Amino acid sequence: MADDSTSGFQAGRTGLIVRIPEAEPAVRAWRERFDPSARAGVPAHVTVLFPFLDESRIDARVRSALAAVLGGHRAFDVRFESCGRFPGVLYLAPEPATPLRRLTEAIADRWPEAPPYEGRFADIVPHLTVADGHDDAVLDGIEADLRGRLPFVSRVSAVELMAYDGVKWREGPSFSLLG
């Protein structure tokens, strides 16, 4: 969800995320300054699928299907020990990335009308965005600071639904993984 600026968020949009609370001490200040999604209420996270279905389509049936799809995946640990970049974006790279990629693929397979990032990218690259929309000099400074704050490990045991209300991203239901 961090790949949009706040002006690009649309009321009714939803996304599925894995919250990474262990990242907050390292990234909170940077995200609040340099990641529009943080200013709009999104916690440190790895996106599973954005955009997902419009909020008007999220009913008991969809929630039940999400619980079934996600409940078929085991909980796992991810380690964050390095940074990565897309043009204008600095992120923390989770390892292993494969279980996160599988969550994305499972949701996208179930809801093919909601491809990751609207199908704009060929590859699924799980990541925790720290700064978005900035030049390399800014990203270099942030990355230098982050090197001293890594590594850390996070347990992935649930996927959360978030929805944008036109002003902020709101937390929705959480869907547990096995174990």
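Check the entry above for the structure.
Just so you know, these numbers come straight off a predicted model, no measurement behind them.

### Topic: the packing of aromatic side chains
All told, the structure shown has 10 aromatic pairs when counted by the stated rule. Ring geometry for Phe9 against Tyr164: centres 5.1 Å apart, planes inclined by 55°, an arrangement best described as tilted. Taken together, the residues Phe9 in the segment before strand E1 (14-19) and Tyr164 in strand E7 (residues 158-164) connect sequence positions 155 residues apart. Like Tyr164, Phe9 is buried. Put simply, the rings of Phe9, Phe50, Tyr117, Phe121, Tyr164 and Trp169 pair up and form one aromatic cluster. In this structure, Arg110 packs its charged tip against the face of Trp111, placed 4.5 Å from the ring centre.

### Observations concerning the sheet that holds strand E4 (residues 89-95)
On the basis of which strands lie adjacent, the open sheet formed by 4 strands has the order E5-E4-E3-E6 and antiparallel pairing. Among the strands making up the open sheet, the edge pair consists of strand E5 (128-132) and strand E6 (152-156). The mean angle between the axes of side-by-side strands here comes to 35°, regardless of whether they run parallel or antiparallel. When strand E3 (residues 76-86) meets E6, the two strands line up antiparallel, connected through 5 bridges. Counterpart to Arg79 in the pairing with E6 is Val153.

Analysis parameters
- Counting starts from 1 at the beginning of each chain's written sequence and moves along it residue by residue.
- Whole-chain, interface and lining totals are the exception, using all residues; otherwise, since this is a predicted model, local features are given only for residues with pLDDT of at least 70 and side-chain atom pairs are given and counted only at 80 or more.
- Computation of side-chain values: all heavy atoms of the structure, hydrogens and water removed.
- Any two of the Phe, Tyr and Trp rings considered here, Trp counted by its six-membered ring, make a pair once their centres fall within 6.5 Å; the pair's planes then place it as stacked at under 30 degrees, edge-to-face at over 60, or tilted in between.
- We count a stretch as a helix when DSSP gives it H or I for four or more residues in a row; a strand needs E for two or more, and each element gets its number in order from the N terminus.
- The buried label goes to any residue with under 20% of its type's maximum accessible area, the exposed label to any with over 50%, and the partly exposed label to all in between, with areas taken from a 1.4 Å probe on protein chains only.
- Note on geometry: a ring has a charge over it if NZ (lysine) or CZ (arginine) is within 6 Å of the ring centre and within 35 degrees of the ring normal.
- A pair of strands is treated as paired once DSSP finds two or more bridges between them.
- Geometry is summarised by axes, namely lines fitted to C-alpha atoms with helices restricted to the contacting stretch, and by angles between N-to-C directions that run from 0 to 180 degrees.

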